[in-house]
Amino acid sequence: MRPYLLPSLGLLFLLGPAAGDVEFYRPMIPSLGSSSNVSSAGNSSSRGDSFNSSSSGILQPGGGPGSGYQPFSNFTGSVDDHGTCQCSVLLPDTTFPVERVEQLQVTAHYLSEKFQTELSKVKEYTQLISIYEKKLWNLTVRVEIMEKDSISYTELDFELIKIEVKEMEKLINQLKKSFVGSSEIVDQLEVEIRNLTVLVQKLETLDKNNVLAIRREIAALKSKLKECEASKEENAPVVPPPSPGSCAHGGVVNISKPSVVQLNWKGFSYIYGAWGRDYSPQHPEKGLYWVAPLNTDGRLLEYYRLYNTLDDLLLYKNTQQNRVAYGQGSGIAVYNNSMYINWYYTGEIAKVNLTTSTVTVRRLLPGAAYNNRFSYANVGWQDMDFAVDENGLWVIYSTEASTGNIVISKLNDTTLEVLNTWQTSQYKPSVSNAFMVCGVLYATRTVTTKAEEIFYYYDTNTEKEGRLGIKMQKVQEKVQSINYHPFDQKLFVYNDGYLLNYDVIFQ
């Protein structure tokens, strides 16, 4: 029993004889607690008698019978022979647990801080996962193109993708180590990257993708086949392929499947532009490779890059980046260390020295329509299309007088003076692109999203024109430019941002 209650209980029982017998009341709610013996000297109306309070209670001060409030607790008691009142009282332990509440508050504060820390980490990881998902999507698109299209890829294509996949594997491993909590999304990304790695490895071994090793075997088989055919026709004269830069042939009769070199150096967004290799009659075996993506508006040529070799272009090394700022459209050509362009917003043509990156000549092209008046189909701002072949520099365009039909002019590459002009009957806006080989214009048109057709020719040597049906495969929907290289006897095609080349097969 609590010590400070003893005097009160003793006083209560001492006053009992004077005020009358001690009155006991039935408690409203009995409770259990600690017990204590209380003794007090005094008279009682029931000396020597014992009483049991199992159904009674002690009132608090100010109470009385019928007051309707709850007593402290039950008790049992008795009076001994000497008149001493003894009783045992059971009181509830009502001490408030302050220490436990304080401990609970500290724990709640700690958990709140921990939650905020983990929440900030989740936000950071969510941003990283979003970045990795975009990279993974870009890689997936590139692999799907390789898987679906029966076109040629070099070993370097696969090596570049392997490097990117390994880089992503390294990043995802770092993310897993630092990630706290549920890592379901991270695990899913890791599985997708692992699947992508396996897919790239499989693609390298598939015949339909024609990787470099298989291409060598096919070339060897073709050589043996030609030898076999030649042996069957002993009396038939064997026509050797024309020597590089020579026109001793009967014209273009076929085009090989495309070889995907790579994406242009600016990226996926730059779908308009041109590329090729410089041709110099004095040094035909030498020549810089050039890549000139237009700005995303598909009109302005501002920057271009030069590479000494194809390997430099593939590996993005030993590059020389120059600024033109005033080129218009993708009808660009490079001849004898000079770039030829349509000057922005005018009917002028210009010559840019590649060594100094300066404009050396500007001249108005007589009668030429410009500013998107008669551009190619599906390709804007290519009113003037420069071309290079074994005979030199040409420009393909239209005039108001020709009512939009193609006009071909032979140019002096030094002064840009027009040397000769030919009128054709082919409407230029119905043509997707064009190029020159040995003085013959070859025009293309779109057949499907994956194929072009060389359907028209005009021979400036004989002034004859006619129809052809030579198919050209492509990897994307639109062809922005075609440039022919006389020594390599290849077509350099800019196909919605991808750099392709084709072998030209002569009769």
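Residues numbered from 1 in each chain as written. Predicted model: local features only at pLDDT ≥ 70, side-chain atom pairs only at ≥ 80, totals over all residues. Heavy atoms only, no water.

## Observations concerning the pairing of strand β20 (residues 440–448)
Two strands pair when backbone bridges link them, and strand β19 (residues 433–437) and β20 are joined in this way by five bridges, in the antiparallel orientation. Counted as the bridge partner of Asn433 is Thr444 from β20. Following β19, the chain reverses through two residues before pairing antiparallel with β20; Cys438 in that reversal takes a positive phi of roughly 55°. Of the pairings in the sheet, the one linking β20 to strand β21 (residues 451–459) comprises eight bridges and is antiparallel in character. The residue bridging Thr448 from the neighbouring strand is Ala451, located in β21. Linkage of β20 to β21, two consecutive antiparallel strands, is achieved through a turn of two residues. (Pairing = 2+ DSSP bridges. Helix = DSSP H or I, 4+ residues; strand = E, 2+ residues; numbered from the N terminus.)

## Quick look at the nonpolar core
Nonpolar side chains in soluble globular proteins tend to be buried together. Among the nonpolar cores identified, the biggest contains 23 residues, and Val252, Ile255, Phe435, Val437, Leu491 and Val493 are the most heavily contacted of them. Put simply, the parts of the chain that give this core at least two residues each are β6 (252–255), β7 (259–263), β19, β20, β22 (464–473), β23 (481–485), β24 (490–495) and β25 (498–506). When residues of this core are assigned to their parent elements, the largest contribution, five residues, is made by β25. If sequence neighbours within four positions are ignored, Val493 has contacts with Trp275, Met472, Val479, Ser481, Ile482, Tyr498, Leu499, Leu500 and Tyr502. Counting residues in hydrophobic clusters, the runner-up holds 17 residues, among them Ala368, Met384, Phe386 and Leu416. (Core = buried A, V, L, I, M, F, W, Y, C linked by side-chain atoms within 4.5 Å. Buried < 20%, exposed > 50% of the residue type's maximum accessible area, 1.4 Å probe, protein only. Contact = heavy atoms within 4.5 Å.)

## As for the sheet that holds β19
Taken together, four strands build an open sheet; the order of strands is β19-β20-β21-β22 and the sheet is antiparallel. Either end of the sheet is taken by a strand with one partner, and the two such strands are β19 and β22. In this sheet, neighbouring strand axes are inclined to one another by 25° on average, regardless of whether the strands run parallel or antiparallel. Strand direction decides the pairing type here: β21 and β22, joined by eight bridges, are antiparallel. By the bridge assignment, Tyr457 is partnered in β22 with Gly466. (Axes fitted to C-alpha atoms, helices over the stretch in contact; angles between N-to-C directions.)

## Describing the state of the cysteines
For the structure shown, the criterion picks out one disulfide. Here Cys247 pairs with Cys438 through a disulfide, and the sulfurs are 2.1 Å apart. Here the S-S torsion is close to -95°, and the disulfide linking Cys247 with Cys438 is therefore left-handed. Within this pair, whereas Cys247 is found in the loop between α6 (212–232) and β6, its partner Cys438 is found in the loop between β19 and β20, the two being separated by 191 residues in sequence. Residue Cys438 is classed as buried on the basis of its relative accessible area, which comes to 8%. (Disulfide = S-S within 2.5 Å.)

## Some thoughts on the side chain of Glu302
Within the element layout of this structure, Glu302 appears in strand β10 (residues 300–307). For Glu302, the side chain forms a polar contact with the side chain of Asn295, separated by 3.1 Å. Among the polar contacts listed, one links the side chain of Glu302 to the side chain of Arg323, at a separation of 2.9 Å. When residues no more than four places from it in sequence are discounted, the contact partners of Glu302 are Asn295, Asn322, Arg323, Val324 and Ala325. (Polar contact = N/O pair within 3.5 Å; in protein donor to acceptor, adjacent residues only side chain to side chain.)

## Side note on the confidence of the model for the protein chain
Regions with low pLDDT should not have their predicted coordinates read in detail. Here the protein chain shows a mean pLDDT of 79. Residues at 70 or above account for 70%. Residue range residues 1–70 is modelled with pLDDT below 50. Its contacts to residues more than four positions away, or to other chains, number 137 contacts. (pLDDT = per-residue confidence, 0-100.)

## Let's talk about empty space enclosed by the protein
Under the criterion given, the structure shown has one cavity of 30 Å³ or more. Roughly 70 Å³ of internal volume is contained in the largest cavity. Lining the largest cavity are Gly276, Arg277, Tyr279, Trp290, Ala333, Val334, Val388, Asn483, Tyr484, His485, Pro486 and Phe492. Of all the secondary structure elements, the ones that give two or more residues to the lining of the largest cavity are β8 (273–277), β11 (319–335) and β23. Sort the elements by how many residues they give to the lining of the largest cavity and β23 lands first, with three residues. Of the residues belonging to the lining of the largest cavity, the class tally is eight nonpolar, three polar and one charged. (1 Å grid on protein atoms, 1.4 Å probe; cavity = no way out; pocket = protein on both sides within 12 Å on 5 of 7 lines; lining within 4 Å. Points joined across faces, edges and corners; volume = space filled by probe spheres on them. Nonpolar A, V, L, I, M, F, W, Y, C, P; charged D, E, K, R; others polar.)

## Remarks on the sheet that holds strand β16 (residues 392–397)
Reading across from one edge, β15-β16-β17-β18 is the order of the four strands in this open sheet, with antiparallel pairing throughout. Each of the sheet's edge strands pairs with one partner strand only, and the pair in question is β15 (385–389) and β18 (418–427). In this sheet, adjacent strand axes meet at a mean angle of 25° when their direction is disregarded. Note: strand β17 (residues 405–411) against β18, six bridges, orientation antiparallel. Residue pairing in the sheet places Ser409 in a bridge with Thr421 of β18.

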